[in-house]
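# Descriptive analysis of the structure
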Amino acid sequence: MVHADEVEVANRAEALSWAAAPAGPLPAPPLDTRAQILPIGDLQWADAERLFVRLLDTVQPLQFVKLFGVRGQAQAGIDAYARLPIDLTPDGNGGRDYIALQSRRVRSLTPAKIRKAVDDLLKGEWADRTATFYFATSFDLQDTKFDTMIREQAERLAGLRIAFVPWGLQEVSTLLKDQPRLVDDFFGRAWVGRFCGQEAVQALTETLTRAPSPDPHGLEPAVAVIQRPVDQRRVALPRRVGLVPALAASFQPRGGFHDDVRPGETVVLTGLGGVGKTQLAADFVRAYGPDSAVVVWVTASSRDQILATYAEAAREVLGPQDNVELAAERFLAWLTTTQDGWVVVLDDLQTTTDLRGLWPRGPAGRVAVTTRRRDAALTGSQRRVVDVDVFSAEQAVDYLRLALQQRHVLADDIDGVVDDLQRLPLALAQAAAFMLDRQLRCSQYRHRFADRRRRLFELLPEPDALPDEHRHTVATTWSLSMDVADRLPPAGVARPLMELLSVLDSDSILAGLVTGHAARNWLSYAVHSDAGATGALTSVDIDAFQDGLLTLHRLSLLRHDGDIVRVHALVQRVTREELDVDRRSSVVWAAADLLLEYWLNGGHSAELALTMRANVDALRRYDHGELIGSAVHPVLILAGVRQGERGDPLGAAEYFDDLLASAMQHLPPHHPTILEIRGLAARWRAAAGDPVSAIAIHEELVDDFERHKGPHDPGTIVARANLVVCRANAGALARGVQEMKQILVDCERIFGPRNIHTLDARGHLAGMYGEVGEYEKARAMFAQLAADRFETSGPDHRDTLTAQGSHARWIMECGNPRAAIPLLRRVLNTRLAKLGPDDPDTLATRSNLAQALRAAGEVREAAEDFSTVRADHVRVMGSDHPQTLTARNNYLLGVSLEMDADEAANAWMDLIDDSERVLGQYAPATLNSMHNFGEWLAYAGYLDDAVGWLQNTLTGRTIALGAEHPHTKATHEFLDQLRDATGGPSGLTVEP
């Protein structure tokens with residue numbers, strides 16, 4: 001009978017005897033003075049396998065090694081297997097007490113071949129018993145094309161509780177650095193000297209000249225000499241290298257950053273300087289260090305620093321070392337093979353090139369890297385990149401409250417400080433230290449912070465008073481990063497690019513802003529002047545600016561998420577504070593130029609309007625008078641106009657009131673821009689339902705324009721037109737028609753028939769003709785205006801669509817609603833595509849379409865449309881907007897007869913009260929709602945009440961529109977019919 005241990009010894013002897021020495025010729029001697037890579041690819045196929053088997057026995061403390069199968073036949077996915085010693089196979093391993101080796105000596109390798117190697121293992125009989133699978137090849141696995149496949153197969157095997165260890169040319173060569181006997185056996189003594197060093201040749205010669213000691217298992221000497229005691233490479237005691245920073249007193253745990261990091265994995269923490277990456281790495285050590293035999297903290301500020309720390313770790317783990325680079329190599333090789341748990345942290349990695357060839361890896365270890373970089377080179381096999389952001393609002397409040405707990409009286413406005421500092425951990429820590437040092441309450445700190453005369457460094461501790469072992473203030477941290485970014489290609493672009501971004505909204509900067517002509521012109525000038533160049537200005541191409549954005553993103557100075565760029569507000573502040581007066585003026589005006597260009601070309605969508613307005617508001621906050629000096633920048637005018645067009649006329653009026661007050665501080669009272677802003681404030685005040693105030697402002701404007709600019713100035717013509725429109729909207733339609741006819745004559749004479757002022761006057765006059773009852777004239781004028789707008793402005797322009805919609809409306813009023821429906825549908829589809837569903841013009845078109853459907857007899861569809869249109873008007877514009885009042889009126893026309901009588905009556909009364917309050921008693925819309933309510937009362941059976949309402953309506957329409965206006969006549973006729981039905985007097989005469 002053969003005992004089990006005897007069988008194992010026999011198997012081990014068989015495998016190691018086969019692998020003891022190569023069968024083929026040795027590779028040629030080296031030519032270089034100190035080779036770093038061995039010519040494994042020059043070995044014969046069988047000899048490469050022998051080398052891998054011998055190497056496996058040196059790096060793993062194995063109980064026995066056995067070849068599998070017959071060479072050249074199916075190998076079940078492995079070439080050799082070995083049993084781990086009992087002390088390395090703890091209980092609960094499910095019987096996985098073997099390691100498996102598959103070798104591939106090839107001159108070319110594809111990712112698919114790596115996957116096939118794993119497939120072969122899993123199909124074979126050893127998959128359920130394997131703890132570690134070594135894939136050995138003579139090919140270089142450092143090529144990045146293998147990264148994804150290696151990571152995928154490692155994760156695939158990890159799910160089956162199998163560790164995957166890829167051995168390529170670099171890894172095997174590194175392991176053989178410390179194995180001169182194997183190098184001698186397989187490559188020759190010359191390679192030992194060139195690869196391992198002359199001291200290794202001398203030591204090897206002395207070893208081989210000594211007689212081999214008796215082997216307890218009776219192995220051949222060539223086999224016995226390569227054996228290693230099981231515990232030779234085990235670390236007896238925990239080792240700590242490098243100083244791990246203490247956790248801050250107010251440390252806030254943040255889940256998800258390094259949770260569930262498995263052995264063999266690396267987590268890369270990247271993000272803006274100051275978000276707390278180092279503290280998270282220290283927490284990583286706190287989580288995984290206690291169970292690790294070796295913990296190494298590397299301050300990775302340079303490659304030399306990394307090598308020096310690795311060498312120190314090698315001395316701790318492997319004993320005395322002579323050469324720093326060799327010691328680092330040996331330490332990294334030990335990490336790849338040891339079964340002892342280990343943790344390595346590389347903190348503040350400055351550039352990925354510093355880690356080239358120095359990434360720690362191994363099946364028993366965990367790695368954390370902190371860096372501001374976001375380079376693609378940070379990704380790789382079994383690496384998880386985590387983008388670290390600022391605290392959550394709750395974490396930031398808790399952090400600051402804990403930091404100030406020793407002086408809780410200072411914590412009177414923690415939420416405010418958190419908002420000011422935008423939850424940045426480093427800034428919160430340093431602000432807390434500043435407040436404690438100076439005994440400042442949060443409210444007092446905020447007052448200083450809001451003072452634009454104070455620079456950020458004045459609100460932070462002195463360098464020798466920084467908390468939590470901080471090396472730099474937050475301002476210095478970013479300034480250093482900016483220096484690096486500006487040196488990276490494209491050189492000189494990052495800084496001026498960040499200067500532009502520093503005066504915009506921190507959370508909603510469109511990436512396309514910096515690729516337009518305005519941005520490129522200024523950035524080209526800035527790069528040219530910053531470089532001290534002379535001669536003609538050379539334009540910097542668009543690719544350079546896009547690369548500049550990505551450079552700032554790579555260094556975590558901004559976040560580039562698709563179309564949106566986000567910059568922390570404190571980074572913006574530090575950037576602005578480094579600008580001198582002239583540079584700041586240039587930056588602010590350039591930023592306004594690029595906003596204007598982008599907004600004019602970007603359309604009218606609600607999302608664009610909100611984004612652009614946020615950027616204009618930010619620009620005004622940082623403006624020191626640059627935008628309102630000798631003139632007001634046009635983007636400030638555009639912002640108010642677009643606000644009114646988006647359905648907020650009151651907000652637009654208030655915006656222009658504020659802009660007027662600012663402009664009056666720099667410009668004389670009769671400056672053209674001042675007059676323009678006054679007119680815009682009046683225009684939107686009238687649209688918001690205050691025609692009386694608007695008329696008074698317009699009258700003053702007309703007088704001022706005529707006195708200072710003359711009667712033929714475009715500003716005077718526009719002021720006159722605005723006054724006439726305002727009066728007409730308040731009820732003076734007949735007068736308005738006559739005055740607008742004269743304005744049109746003046747426009748055609750002064751500007752010509754196709755000028756924008758002339759086209760505007762034609763539109764105003766056509767609308768007034770329709771309102772006074774000349775429907776056919778209005779229809780014909782709008783038909784021609786729509787054609788002219790189409791030719792001058794294009795098919796999708798807002799003015800073209802407005803003319804087409806008005807044409808459809810008056811087609812409907814002329815008694816042909818079915819002809820209006822297809823035209824309204826085309827206008828609606830274009831507005832939905834170009835402006836979005838919530839644009840006021842889109843909503844108005846939906847309302848007009850619903851009216852046409854109802855007039856054409858499509859009652860059910862119209863009622864559904866009226867209901868949704870009314871709800872959308874209220875949601876977007878509010879219940880008091882004039883356009884919403886019209887939508888409410890149309891909705892009640894369609895559904896009030898189906899409603900409960902009390903509910904319907906109350907809805908009509910509420911609408912009329914709101915219309916009188918917002919628009920005025922004699923406004924056409926108010927009188928329309930009064931007439932419609934009178935008709936509803938009559939149809940609902942309340943005849944006496946109907947007579948009273950219609951009489952009041954008739955009085956109002958006669959005063960506002962005249963006795964001959966179709967609306968006045970319609971009320972008169974319905975009232976006569978009602979009186980005939982009730983037996984009352986008819987033909988009532990109403991005094992105008």
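Residues numbered from 1 in each chain as written. Predicted model: local features only at pLDDT ≥ 70, side-chain atom pairs only at ≥ 80, totals over all residues. Heavy atoms only, no water.

Per an unreviewed UniProt entry, the chain carries the name Tetratricopeptide repeat protein and comes from Micromonospora zamorensis.

### Some details on the pattern of salt bridges
The line we're drawing: Any Lys or Arg side-chain nitrogen located within 4 Å of an Asp or Glu carboxyl oxygen qualifies as a salt bridge. In this text, helices come from DSSP runs of H or I with a minimum length of four residues, and strands from runs of E with a minimum of two, each type numbered from the N-terminal end.
On inspection of all chains with the given rule, the structure shows 57 salt bridges. A salt bridge links Asp398 to Arg401, with the shortest nitrogen-to-oxygen separation between them at 3.6 Å. Placement of the pair is Asp398 and Arg401 together in helix α13 (residues 393-403), with a separation of three residues, close to one helical turn. Note that Glu774 is salt-bridged to Lys777, the shortest N-O span being 3.2 Å. Through salt bridges with shared partners, one network takes in Arg374, Asp387, Asp389 and Arg559.

### Structural notes on the packing of aromatic side chains
Rule in force here: Aromatic pairs are defined between Phe, Tyr and Trp rings, using the six-membered ring for Trp, whenever the two ring centres lie within 6.5 Å; interplanar angles under 30 degrees are classed as stacked, those over 60 as edge-to-face, and all others as tilted. To sort residues, take the accessible area from a 1.4 Å probe on protein chains only and compare it with the maximum for the residue type: under 20% means buried, over 50% means exposed, and anything in between is partly exposed. A ring has a charge above it when a Lys NZ or an Arg CZ is no more than 6 Å from the ring centre and no more than 35 degrees off the ring normal.
Applying the stated criterion across every chain yields a total of 16 aromatic pairs. Ring centres of Phe391 and Tyr399 lie 5.4 Å apart, and the angle between their planes is 40°; on these two criteria the pair is classed as tilted. The pair Phe391 / Tyr399 is uniform in exposure class, with both members buried. An angle of 25° between the planes, with centres 6.4 Å apart, marks the rings of Tyr445 and Phe449 as stacked. Taken together, the residues span about one helical turn, with Tyr445 and Phe449 both in helix α16 (residues 442-450) at a distance of four residues. Grouping aromatic residues by their ring pairs yields a cluster made of Trp908, Phe933, Trp936, Tyr942 and Trp949. Residue placement shows Arg621 over the ring face of Tyr622; its charged tip is 5.7 Å from the ring centre. Directly above the aromatic system of Tyr891 lies the positively charged group of Arg870, at a separation of 4.0 Å from the ring centroid.

### Details of the pairing of strand β10 (residues 365-371)
Note the cut-off: Strand pairing is assigned whenever DSSP identifies at least 2 bridges connecting the two strands.
Among the seven residues that make up β10, seven are buried, leaving the element largely enclosed by the rest of the structure. Because side chains alternate across β10, one face comprises the buried residues Gly365, Val367, Val369 and Thr371, and the other comprises Arg366, Ala368 and Thr370, equally buried. Sheet analysis places strand β7 (residues 266-270) next to β10, joined by five bridges and oriented parallel. Residue pairing in the sheet places Val267 in a bridge with Ala368 of β10.

### Details of α16
This is how it is decided: Picture the helix axis, draw a direction to every C-beta atom, and the arc is the one those directions span. Residues count as neighbours in contact if any of their non-hydrogen atoms are within 4.5 Å of one another.
By the burial criterion, the buried members of α16 are Cys442, Tyr445 and Phe449. Buried residues of α16 fall within an arc of 60° about the axis and therefore sit on the same side. Of the exposed residues in α16, those oriented more than 90 degrees away from the buried face are His447 and Ala450. Contact partners of the buried residues in α16: α14 (414-420), α15 (425-438) and α21 (569-577).

### Re helix α28 (residues 714-729)
Just so we agree on the cut-off: One less than the number of residues in a helix, times 1.5 Å, gives the span that helix is expected to have.
Given a rise of 1.5 Å per residue, 16 residues ought to cover 22 Å, and the 22 Å separating the end C-alpha atoms of α28 matches this to within 8%. Those residues of α28 not exposed but buried are Gly715, Thr716, Ile717, Ala719, Arg720, Ala721, Leu723, Val724, Val725, Cys726, Arg727 and Ala728. Looking at the buried residues of α28, the elements they touch are α26 (672-687), α27 (691-708), α29 (733-750), α30 (756-771) and α38 (924-939). Trailing α28 by a residue or two, Gly731 shows a phi angle of about 120°, which is positive.

### Some points on the nonpolar core
Applicable threshold: Among the buried residues, those of types Ala, Val, Leu, Ile, Met, Phe, Trp, Tyr and Cys that are joined through side-chain atoms within 4.5 Å form a nonpolar core.
Core analysis: the largest hydrophobic core is formed by 126 residues, its most contacted members being Leu557 and Phe656. Those residues in contact with Leu557, other than ones at most four positions away along the chain, are Leu272, Trp478, Ser481, Met482, Ala485, Met498, Leu552, Val567 and Val571. Counting 67 residues, the second-largest nonpolar core is a separate cluster that includes Ala766, Met768, Ala778 and Val895.

### Notes on the sheet that holds strand β8 (residues 294-299)
Condition: Helix axes are fitted only over the stretch in contact, all axes being lines through C-alpha atoms; the angle between N-to-C directions runs from 0 to 180 degrees.
The parallel open sheet is built from six strands, whose spatial order is β6-β8-β9-β10-β7-β11. Only two strands of the sheet have a single partner each, and these edge strands are β6 (239-241) and β11 (383-387). Averaged over all adjacent pairs, the angle separating strand axes in this sheet is 10°, with direction ignored. The pairing of β6 with β8 spans three bridges and is parallel. Bridging from a neighbouring strand, Arg240 pairs with Val295 of β8. Across the sheet, helix α11 (residues 303-318) lies against β6, β8 and β9 (342-349), angled at about 160° from β8, the strand it touches most.

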